[in-house]
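Each chain is listed here by its residues.
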Amino acid sequence: LYSGLVGADTAASLTTQPTCSTTATSTSTLGSYPSTCSGAVDSNYTISYAAGTVTVKQATLTVTANNATRAYGTANPTFTGSVQGAVNGDTFTESFSTTATATSAVGTYSIVPSVAGTDLGDYTVTTTNGTLTVTKAATSVALTSSTANANLNAHVTFTATVTSQSTGTPSGGVQFLDGSTVLGSGPLNNNGVATYTTSSLTAGLHKITAVYQSDADFSGSTSAALAQIVTAPAFSLMSSITNLNLKAGQTGQATISLVPVGGFKGTVQFSCSGLPTLAQCSFSPSALTSDGSNTTQTSMLDITTKGSGTGTVSMLTHPGKPDGVMMAGIFWLPGLLFGGFLFWQRKKLTQKYRVLLI
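Residues numbered from 1 in each chain as written. Predicted model: local features only at pLDDT ≥ 70, side-chain atom pairs only at ≥ 80, totals over all residues. Heavy atoms only, no water.

J.: How should the overall build of the chain be read in this particular structure?
T.: Looking only at helices and strands, the chain features zero helices and 32 strands. For the chain, restricting intrachain contacts to residue pairs at least 6 apart in sequence, the fraction spanning at least 24 positions comes to 61%. Carbon and sulfur atoms form 53% of the exposed surface of the chain, whose accessible area is close to 19500 Å². (Helix = DSSP H or I, 4+ residues; strand = E, 2+ residues; numbered from the N terminus. Contact = heavy atoms within 4.5 Å. Areas by Shrake-Rupley, 256 points an atom, 1.4 Å probe, with all protein chains shown as cover.)

This is the structure in structure tokens:
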């Protein structure tokens, strides 16, 4: 700073410029240091000098936190950031904090930086917060059925278990679908389990899926397709033997099995009529009743022949027209009447039993 210059003279007009110095250096601590000048020369001026002061102030240190993201229910990641403005080889260690914990709800939270170091007092510290974004946690759905093969009109219960891919238990509801058709829905309990019961599935194969519809902290997901079979009521009749040869005066037996499927309910009644004079038959019991439990039941067929023992009575399966004397019989089902001895239809295969007198 100059004073006393005349006219248009400026500091640059001096013949020789002064030099100034101070005891302060780049590594001097905060404070005030003397400054002196000398060596200025000009023929028009008598030059004197006044001492000055150099003040060492704090440098500016900027600490910035980087943004981060994590899923709900997981631990916070390791936060990172940067420190700028350090001089003279000073080193600093930054750290970060947030109010978010593993159980904090989905949303955004501040990441607050701080810094530590031996020479931190020589700096004015400026911080810039980062943002932690907590997203919804992923889920998975496991689907089971109370029975893989259900009878028509029987109740079937589907159970969906929704599991977090991190921690915590999802809430909300689950929708149950048959292909693209919505069957119904059920709420999740405290264990993440929802159920749905129906008896309206038609006969055949169904592909059932369960769709979790998400909540505030958990994302939605869909189970793998579950094969559900529904069987219509039906039955078949089976014999324990296919050939029975009897001599006159002997008795033979065959076990007739009623095999219900699909929850068949009804009564199958057996009887014989129109038999040859040397043969007779009976059933024990003469009727079998199925209660829908698909339990196989049996009736014992007794064939008795009369005579001196010089002839033979044969019973055998025969898919075509008999060429001997047929033992006539009638097997009655509700609404159906079958002719011929032990005659029924099963999977398009007609089985006939005949008795031959030899």
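Back to the text.
J.: Hey, could you run me through the state of the cysteines in this one?
T.: Each disulfide consists of one covalent bond between the sulfur atoms belonging to two cysteines. Summed over all chains, the structure comprises one disulfide. At a sulfur-sulfur separation of 1.8 Å, the disulfide partner of C20 is C37. Across the disulfide from C20 to C37, rotation about the S-S bond amounts to roughly 105°, and the bridge is consequently right-handed. Note that C20 is positioned in strand β1 (residues 19-22) and C37 in strand β2 (residues 31-38), a separation of 17 residues in sequence. Under the relative-accessibility criterion, C20 is labelled partly exposed at 49%. (Disulfide = S-S within 2.5 Å. Buried < 20%, exposed > 50% of the residue type's maximum accessible area, 1.4 Å probe, protein only.)

J.: Could you clarify how one ought to interpret the layout of surface pockets in this entry?
T.: Where empty space is left in the structure can be found by rolling a water-sized probe over the atoms. Approximately 470 Å³ is the volume attributed to the largest pocket. Lining the largest pocket are 18 residues, with L1, Y2, S3, S48 and Y49 sitting closest to its centre. In the lining of the largest pocket, the residues fall into 12 nonpolar, six polar and no charged. (1 Å grid on protein atoms, 1.4 Å probe; cavity = no way out; pocket = protein on both sides within 12 Å on 5 of 7 lines; lining within 4 Å. Points joined across faces, edges and corners; volume = space filled by probe spheres on them. Nonpolar A, V, L, I, M, F, W, Y, C, P; charged D, E, K, R; others polar.)

J.: Got a minute to help me understand the packing of aromatic side chains in this structure?
T.: Any pair of aromatic rings gets described here by the distance separating the centres and the angle formed by the planes. Overall, the coordinates contain five aromatic pairs when judged by the stated rule. With a centroid separation of 5.1 Å and an interplanar angle of 90°, the aromatic rings of F92 and Y123 are classed as edge-to-face. Of this pair, F92 sits in the loop between β6 (81-84) and β7 (93-97) while Y123 sits in strand β9 (residues 123-128), and the two are 31 residues apart along the sequence. A residue is classified by how much of its surface remains accessible, and Y123, at 4% relative accessible area, is buried. The interplanar angle of 40° and the centroid separation of 5.0 Å between the aromatic rings of F235 and F264 together place this pair among those described as tilted. With a gap of 29 residues between them, F235 in strand β20 (residues 234-239) and F264 in the loop between β22 (251-261) and β23 (265-272) connect regions that are remote in the sequence. Residue F264 is classed as buried on the basis of its relative accessible area of 14%. (Phe/Tyr/Trp six-rings, centres within 6.5 Å; stacked < 30°, edge-to-face > 60°.)

J.: Quick question: what am I supposed to make of the nonpolar core here?
T.: A general tendency of soluble globular proteins is for nonpolar side chains to be buried together. Residues L143, F158, V174 and F176 are the most contacted members of the largest nonpolar core, which totals 28 residues. Looking at this core, the elements with two or more residues in it are β10 (130-135), β11 (139-145), β13 (156-164), β14 (173-178), β16 (193-198), β17 (204-212) and β19 (226-231). The element best represented in this core is β13, accounting for four residues. Contacts of L143, omitting those with residues within four sequence positions, involve F158, T159, A160, F176, I208, T209, A210, S223 and L226. (Core = buried A, V, L, I, M, F, W, Y, C linked by side-chain atoms within 4.5 Å.)

J.: For this particular structure, what's the right way to read unusual backbone geometry?
T.: Glycine aside, residues mostly have negative phi, and peptide bonds are mostly found in the trans state. Here the amide bond leading from S284 into P285 is cis, since omega sits at -5°, within 30 degrees of zero. Within the secondary structure, P285 is located in the loop between β24 (279-284) and β25 (287-291). The phi angle at N88 is positive, at roughly 55°, despite the residue not being glycine. Checked against the element boundaries, N88 lands in the loop between β6 and β7.

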